[in-house]
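# Observations on chain architecture
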Amino acid sequence: MSSIQEGQGNHGGAGAGSGHGEIGHKSLLQSDELYQYILETCVYPREPECLKELRELTAKHPLSFISTSPDEVQFLNMLVKLINAKNTMEIGVFTGYSLLATALALPDDGKILALDIKRENYDMGLPIIQKAGVAHKIDFREGPALPFLDQLIQDEKNHGTLDFIFVDADKNNYVNYHKRLIELLKIGGLLGYDNTLWNGSLVLPPDAPMKDYIRNNKGFLLELNKVLAVDPRIEICQLPVGDGITLCRRIS
């Protein structure tokens, strides 16, 4: 396994120095050497030991390619601090790598409502989260997110209460999530959708070579981006960090 694969769970790119021509690489950068430079110069030297431990543990998982990249995790950690977030939500937890980064950034009385269809992967990373001293900030709920969100929305006391939301779950439901999450986000709060540039596949023709899971979900990301672009309730910023992340700031 190459150093980039160890660092970020590369899922389909070629080895370092080859320019990863196949669609399915975790980073949008076209130079593996440049991405490795970012990791080794900016990310890894500042990485808390608990995040490093969970990143390395996650890399051993058969589905490690779905984990958030280290540079994006660093970005999320700083973003949560910049907006002074306290009440947050994460949809799509996996081993809790990005969840831990958020928990570390929150004040001691901060909270994360963490939703995932499967607790098994979260339990894999939980001992590291506990050792980091931030498990008390996390309220993990197992099961489909949509019914749970519908339940939250039914109580108007939950409307406009969240400072920050990060979504990295089933891409086919991104638009359905957005319809609900915007109600829970406070005015001025941030909502982040991961993978919104989908390995660069969004601008490629249908017959371009790409992995099946990239091709099968491409349409859902195209639909989301169209919806976000015309939603008058938000300001948006799409960044080529990791696999693309779109930040939505609620303004009304």
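Here, every reference points to the structure presented above.
Now for a quick tour of the structure. Predicted model, so just to flag it, every value in this text is computed and none were measured.

What counts and how
Residues numbered from 1 in each chain as written. Predicted model: local features only at pLDDT ≥ 70, side-chain atom pairs only at ≥ 80, totals over all residues. Heavy atoms only, no water. Buried < 20%, exposed > 50% of the residue type's maximum accessible area, 1.4 Å probe, protein only. Helix = DSSP H or I, 4+ residues; strand = E, 2+ residues; numbered from the N terminus. Pairing = 2+ DSSP bridges. Right-handed = clockwise from strand over helix to strand, strands pointing away. Axes fitted to C-alpha atoms, helices over the stretch in contact; angles between N-to-C directions. Contact = heavy atoms within 4.5 Å. Phe/Tyr/Trp six-rings, centres within 6.5 Å; stacked < 30°, edge-to-face > 60°.

## Focus: the pairing of strand S1 (residues 87-91)
Here is the key point about a regular strand: its side chains alternate between the two faces of the sheet. Taken across its 5 residues, S1 has 4 buried, putting it largely inside the fold. For S1 and strand S2 (residues 111-116), the ladder comprises 5 bridges, and the chain directions are parallel. By the bridge assignment, Thr88 is partnered in S2 with Ile112. Regarding the hand of the β-α-β motif, the stretch spanning S1, helix H5 (residues 97-105) and S2 is right-handed. One ladder, built from 4 bridges, connects S1 with strand S4 (residues 162-167); its direction is parallel. Following the sheet pairing, Ile91 is matched in S4 by Val167.

## Some details on the sheet that holds S2
On the basis of which strands lie adjacent, the open sheet formed by 7 strands has the order S3-S2-S1-S4-S5-S7-S6 and mixed pairing. Each edge of the sheet is formed by a strand with only one pairing partner; in this case those strands are strand S3 (138-142) and strand S6 (234-239). Direction aside, the axes of adjacent strands within the sheet are offset by 15° on average. The pairing of S6 with strand S7 (residues 245-250) spans 6 bridges and is classified as antiparallel. Among the inter-strand pairings, Ile236 is bridged to a residue of S7, identified as Cys248. On the sheet, helix H7 (residues 145-154) packs against S1, S2 and S3 and is oriented at approximately 140° with respect to S2.

## Here's the deal with helix H8 (residues 174-184)
The buried fraction of H8 is high, at 8 of 11 residues. Here H8 has its buried residues at Tyr174, Val175, Tyr177, His178, Arg180, Leu181, Ile182 and Leu184.

## Some thoughts on the packing of aromatic side chains
Under the criterion given, the structure shown has 4 aromatic pairs. Three or more aromatic residues link up through ring pairs in this structure, and these residues are Phe65, Trp198 and Tyr213.

Read these as spatial facts, not as claims about activity.
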